[in-house]
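Coordinates in review
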Amino acid sequence: MLRISPAPHITSKESTQKIMWAVVIALMPAFAYAIYLFGQRALLLTLISVLSAVLSEYLFQKTTKREIRISNGSAVITGILIAFNISPNSPWWLPAVGSAFAIIVVKQIFGGIGYNIFNPALAGRAFLTASWPGLMAGNWAAPFSGTLSGLPTKALDGIAQATPLTLLKVNPAETIAQSLNSSYMLKALFFGKVGGCIGETSALLLLIGALYLFLRKFADWRISVGYIGSVFLFSGILYYLGKTPVLPLFQILSGGVMLGGLFMATDMVTSPVTIKGRWIFGIAGGIICVLIRVWGGYPEGVSYSILIMNMFVPLLDKISEKRIFGR
Amino acid sequence: MSLLTFKGGIHPPGYKYLSKDSKIKRIDPPDFVYLYLSQHTGVPSKPIIEKKDEVEIGQKIAEASGKLSVPLHSPVNGTYMGRVMHPHPLGGRKEAIKIKVNKEKTEPFKAKTHRDISDFPPQKIISIIKESGIVGMGGAAFPTYFKLQVPPNKKIKDVIINGAECEPYLTSDYRLMIEKPEEIMKGVDIIRKIVKPKNVWIAIEANKLDALEKMKGTSSLFPWANFAALKTKYPQGSEKQLIDAITGREVPEGGLPFDTGAYVQNVGTALAIYEAVYFEKPLFERVVTVTGNVRHQSNFLTPIGTSFKHLIELTEGPIGEIVKIINGGPMMGIAQADIESCVTKGTSGIVIQNQKEALEKKPSPCIRCGACVDRCPMRLLPTELYKYIEMNELEKAKELGVTSCMECGSCSYICPANIPLTQQFKIAKNKINRKSE
């Protein structure tokens, strides 16, 4: 019996699994560094988070009699990203709850992989921030090397319990702004000697991981360049106009701009499929992030900016349709 | 050297090396040949012989019937056994003329001597081409005489001779360009004299630069020819993409090449025109690449109507089990239900796949990676189209241009979730066509 199937009779070697596991690999440099900075606590929290994500997915698929798809690696990514978005001082149950929420409520209830509207990790983080604001925004740990605020110890003077962004929000004094704009500070942010979420430390290592994804075309650089670029430009304009005391370089290196712009905005499922749509998605997301940071109530605007843009994806796909050949 | 190309497309592995160095070899016919009455676009041919008639190689055995049709010629000396239903490479069983091959009388077609055609008016040449049963040999098998009758209100600016051969594996056009460049060019000259274009382009993909050099080698005899190297990319040989690459003009949606002043013909067709016009040799044989999982991948000069089984045997057989036989290349070719399917005028090659190569991957949900959107040479949105077709919203699919889909297979090829996009679009197109009829 000859086998009959529709053309094409050859396919590329790409697969969903390959793409997802590549993202996991791309997050590894930052993960390894987080363990170095925060010790085995970072390792433990991340493992719990991943375990919770994968287990939630498995149990949901099992109880709803769907195909078990945990091996495609997408739940692992969500688990890692949830852990990356919490403080290394968090209690063990925090990432467990966050991941379970992200997988069950944000991903599976919408239909599972490919069907979710919001990036599960970001929506999970938003859920945790709303439910346990104290744990999510005021429970930081100093890194093993460096300080929580990123400033040299002698400059601390009673501001020791804040990350740079919180510092900026609660006390935007000129001296603080000067310290935040210092090349010492910017270097600390770039290489990762500053306190903060587990995965938001070293911009450099996140960039290395993202570069790997860009080269393999598993993430579209346009979204990242659009997002980070527009944070830089828009906050630069506001700096020039005197609306914010910090340099645009500080804006893109601090908080979650790198992690969000490189790894969460580029989530394929929740970003547009067209090139034009991706540019708009990234650029508009960056602007929203700066708006929240400068005028909003939160010190950080990355999660909400991307979540808001997630909602516009169908619209962006619609308005950025290419002209059909010959039409 | 700058390479011409179009936007989108994919880079599947070529596998041309398997058969590219195998010289074109005339093969002995099998015991029986089967000539489908329908092996071209248009109305099937009408048989004009009686059962038990002896037929000669090159003899007309069926005539054109209707507005768009061509005659058929016997590829062998033999006996007409009647009309039978025979498995057709495009699917199903179709009526075919069965001829028992006379194994005593195997001498090849006696070509007439090179005749002087300089005073033949275009109409006469077109009728010779029609009577010789010539159709497009790149796959679509569209009657060539019909195409050559360009409507008087359409001016042809560019004639493009398609030597792209962008389907993986296939090397029949490549071998022709290597072995018969001058003959092909003489065929092109005939086309040129009928169509009277401003420019003539010989377009070849950059993975066949030696063929391009061979063709260029004739340029002193044919100073009017332009030779263009195309980027190696699938589907570079698709008519619309080729016209775009060479001229920068897009064939309008629902339109034909001459709407944009272009005329495309395959190299094999140009050769067939040359042989028919100069030597009165009708189209009853063609080069077929037999490749993939067989011992000796080959380019056979094959009598039309030869079974795939016979061709596979001539390669000294498959390596291991034959799991899939593809009529044509692996991107757009058709998987055969029956090894007894026979070569038609449009069969450029057959590809044999083993268990591993023919493995079907299980589809999983779309992760919206956008690879299909990026690659679609018609700039469609396969992700959106697929959604609407799944919901049976055909009007919406039509609005989004599904009827422009040429089923090149690029989206299915690249999809990491192995979603059968191309197949869905094909089904949707059929449904839309049936509705409008």
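Structure shown above.
Residues numbered from 1 in each chain as written. Chains lettered and ligands numbered in written order. Predicted model: local features only at pLDDT ≥ 70, side-chain atom pairs only at ≥ 80, totals over all residues. Heavy atoms only, no water.

We now examine the sheet that holds strand E5 (residues 60-63) of chain B. Strand pairing within a sheet occurs via backbone hydrogen bonds; the two strands may be parallel or antiparallel. Read from one edge of the open sheet, three strands run E3-E5-E6 (chain B), paired in antiparallel fashion. Looking at strand neighbours, the two that pair on one side only are strand E3 (46-47) and strand E6 (72-73) of chain B, the edges of this open sheet. (Pairing = 2+ DSSP bridges. Helix = DSSP H or I, 4+ residues; strand = E, 2+ residues; numbered from the N terminus.)

Between chain A and chain B, the residue contacts involve 39 residues of the former and 64 residues of the latter. Carbon and sulfur atoms supply 54% of the area that chain A and chain B bury against each other, a total of about 4300 Å² over both sides. Ranking the residues of chain A by area buried against chain B places Arg3, His9 and Phe325 of chain A at the top, with a combined share of 22%. One can count four salt bridges joining chain A with chain B. Among the ionic pairs, glutamate 67 of chain A bridges to lysine 362 of chain B, the shortest N-O distance being 2.8 Å. (Contact = heavy atoms within 4.5 Å. Buried area = accessible area lost by both parts, 1.4 Å probe. Salt bridge = Lys/Arg side-chain N within 4 Å of Asp/Glu carboxyl O.)

So, about the packing of aromatic side chains. All told, the structure shown has 15 aromatic pairs over all chains when counted by the stated rule. Between phenylalanine 101 of chain A and phenylalanine 127 of chain A, the aromatic rings sit 3.8 Å apart at their centres with planes inclined by 5 degrees, giving stacked as the arrangement. Note that phenylalanine 101 of chain A is positioned in helix H4 (residues 93-108) and phenylalanine 127 of chain A in helix H5 (residues 120-131), a separation of 26 residues in sequence. The exposure class of phenylalanine 127 of chain A is partly exposed, given its relative accessible area of 23%. Taken together, the aromatic side chains of Trp93, Phe101, Phe127 and Trp132 of chain A make up a single cluster linked through ring pairs. Between lysine 98 of chain B and the ring centre of phenylalanine 32 of chain B, over which it is positioned, the NZ or CZ distance is 4.6 Å. The positively charged end of lysine 233 of chain B is found above the aromatic ring belonging to phenylalanine 6 of chain B, 4.4 Å away from the centroid. (Phe/Tyr/Trp six-rings, centres within 6.5 Å; stacked < 30°, edge-to-face > 60°. Buried < 20%, exposed > 50% of the residue type's maximum accessible area, 1.4 Å probe, protein only. Lys NZ or Arg CZ within 6 Å of the ring centre and 35° of its normal.)

Residues and elements named next belong to chain B. Of all the seven residues making up strand E10 (residues 199-205), six are buried; the element is thus mostly covered by neighbouring parts of the structure. In this sheet, E10 lies alongside strand E9 (residues 158-163) in parallel orientation, the contact comprising six bridges. What sits directly across from isoleucine 160, in E10, is tryptophan 201. Examined bridge by bridge, E10 and strand E11 (residues 225-230) share six bridges and lie parallel to one another. Along E11, the bridge assignment pairs tryptophan 201 with asparagine 226. Remark: the E10/helix H5 (residues 209-216)/E11 crossover connection has right-handed handedness. (Right-handed = clockwise from strand over helix to strand, strands pointing away.)

Turning next to the pattern of salt bridges. Residue and element names in this part refer to chain A. Here the structure, examined in full by the defined rule, presents 35 salt bridges over all chains. Measuring nitrogen to oxygen at the nearest pair gives 3.2 Å for the salt bridge that ties arginine 125 to glutamate 200. Within this pair, whereas arginine 125 is found in helix H5, its partner glutamate 200 is found in the loop between helix H9 (183-191) and helix H10 (203-215), the two being separated by 75 residues in sequence. When its relative accessible area of 14% is taken as the criterion, glutamate 200 is described as buried.

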